[in-house]
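Chain and residue survey
Each chain, letter by letter, is given below.
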Amino acid sequence: MALPSVWSEMRVGILLLSVLGLLSARLVGAGQDSGSVIPAESRPCVDCHAFEFMQRALQDLKKTAYNLDTR
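For the chain, the name recorded in an unreviewed UniProt entry is NELL2-interacting cell ontogeny regulator 1, with Edolisoma coerulescens as its organism. Under Subcellular location (unreviewed entry), UniProt gives the following word-for-word description of the chain: "Secreted". A UniProt comment under Sequence similarities (unreviewed entry) is attached to the chain, and it reads "Belongs to the NICOL family."

**Comments concerning the overall build of the chain**
Assigned secondary structure in the chain consists of 2 helices and 0 strands. Within the chain, the proportion of its 71 residues that are buried is 0%. Working note: accessible area of the chain is about 6900 Å², and carbon and sulfur atoms make up 67% of it.

**Let's talk about a nonpolar patch on the surface**
There is a patch of nonpolar side chains on the surface, built from L15, L16, V19, L20 and L23 and spanning about 470 Å² of accessible area. By the element assignment, L16 lies in helix 1 (residues 2-33).

**Observations concerning the pattern of salt bridges**
Going through the model one piece at a time under the given rule, you end up with 1 salt bridge. As a salt-bridge pair, R56 and E52 come within 4.0 Å of each other at their nearest N and O atoms. Linking R56 with E52, this pair stays in helix 2 (residues 46-70), spanning 4 residues, or about one helical turn. A residue is classified by how much of its surface remains accessible, and R56, at 47% relative accessible area, is partly exposed.

Cut-offs applied
- Residues numbered from 1 in each chain as written.
- Predicted model: local features only at pLDDT ≥ 70, side-chain atom pairs only at ≥ 80, totals over all residues.
- Heavy atoms only, no water.
- UniProt positions renumbered as here; feature names shortened; annotations may be inferred.
- Helix = DSSP H or I, 4+ residues; strand = E, 2+ residues; numbered from the N terminus.
- Buried < 20%, exposed > 50% of the residue type's maximum accessible area, 1.4 Å probe, protein only.
- Areas by Shrake-Rupley, 256 points an atom, 1.4 Å probe, with all protein chains shown as cover.
- Patch = residues over 30% accessible without salt bridge, like charges linked within 9 Å, V, L, I, M, F, W, Y side chains within 5 Å.
- Salt bridge = Lys/Arg side-chain N within 4 Å of Asp/Glu carboxyl O.

Structure, rendered in structure tokens:
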């Protein structure tokens, strides 16, 4: 008679441990991400960053070439 009782207690214990494990993993993940999330719509894409960088580099080259021509 004691055998089914042990199995049921083990099942409940395993279920409880798995639920606690899932909850703790979820809380740890939420703690790391809070306050640092920027919506994707407001972040420029990598191509936009590269394009802006190239535009600034070309403007600098034009200024340098103009300065050399005026000397």
